[in-house]
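# Chains, contacts and geometry: an overview
Now for the letters of each chain:
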Amino acid sequence: MIQSVNSLSSNNPLLEKVVRADPLIANRSDTWTYQVLHALQDFPASQQFLNAIRSRKSITLKQFELPLRGHIIGSRRELDDLTPHDNHHSSRIMRTYHAHFGVPLGIAPGWWDDRKRNHKPVLPIYLRLDIFNNLSRALSCLRLSGHNLLVQRMLNNRNRRPYEIRICDKRDWHSVQDEEHTLLDCSHEHLVSLRTQHRQLVFPHQNEDSPTCLRTFLNQPDIHGVASFVAECLALFP
Ligand SMILES: [Zn+2]
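The phi dihedral of Arg56 is positive, around 60°, even though this residue is not glycine. Secondary-structure assignment places Arg56 in the loop between helix 4 (46–54) and helix 5 (61–77). Taking the number of C-beta atoms within 10 Å as the measure of exposure, Arg56 has 16 and is therefore partly exposed.

This is the structure:
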């Protein structure tokens, strides 16, 4: 990103002028350069990179990559002990993604060292297999909060509501209508019926009445069944 900002050039003289002028007015929040500088504010040893961007000097990506990696891992680790419901300055979408969908980070220091590369977890199965576009889209919508569940709808409202009152209006009125509640817990008759149809996925262990957790549910081998179930559930919230 930084390299592209610094090396941006164009045959169009007007565009070239805009690109050159942008760093000069980077104290304004509506400029491209401001957005990049702002994103780097908490970055370790950020001053050298900020100066380079402002003066359009090149940056050695090797120098940038290592602290970037540490910075990203640090911000993810901050979410390790949180649930999506917790009151925290991070966004609910990030907490939800981290709790249910993101690839878990290793716990040992230096876990991302190259020599440990072979022991890193792999991507979840639903990201590695070819599935129909509509099913793939349903899983992506679930993972990235691109759905119409109340937890997200009320967040997008102009009058944003506290997390606790985005409770399910499909007859429960006791739980926040979020991803896990909707797929695995809600007592709405259509959702219960879908869970019964997909019983082997929702209750994978025989004679078990409580459903599996969302992360485990999504990582089952029958990814077509999982994705179909998700698509059918989300279709009930148009
Ligand atoms: Zn419900």
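Text resumes after the structure shown.
Here we take up helix 7 (residues 133–143). All of the buried residues along helix 7 are Ala138, Leu139, Leu142 and Arg143. Angularly, the buried residues of helix 7 cover 130° about the axis, an arc narrow enough to put them on a single face. Set apart from the buried face of helix 7 by more than 90 degrees, the exposed residues are Asn133, Asn134 and Ser140. Against helix 6 (92–101), helix 9 (179–184) and helix 13 (223–235) lie the buried residues of helix 7. Positioned one or two residues after helix 7, Ser145 has a phi angle of 60°, which is positive.

Here the focus is helix 13. A rise of 1.5 Å per residue sets the reference length of helix 13, with its 13 residues, at 18 Å; its end C-alpha atoms lie 18 Å apart and thus fit the reference within 8%. Among all positions of helix 13, only Ile223, Val226, Ala227, Ser228, Phe229, Val230, Cys233 and Leu234 are buried. On the buried face of helix 13, the contacting elements are helix 7, helix 9, helix 10 (189–197), helix 11 (199–202) and helix 12 (214–218).

What counts and what doesn't
Residues numbered from 1 in each chain as written. Predicted model: local features only at pLDDT ≥ 70, side-chain atom pairs only at ≥ 80, totals over all residues. Helix = DSSP H or I, 4+ residues; strand = E, 2+ residues; numbered from the N terminus. Buried ≥ 20, exposed ≤ 12 C-beta atoms within 10 Å, placed from the backbone. Arc of directions from axis to C-beta. Contact = placed C-beta atoms within 7 Å. Expected span 1.5 Å × (residues − 1).

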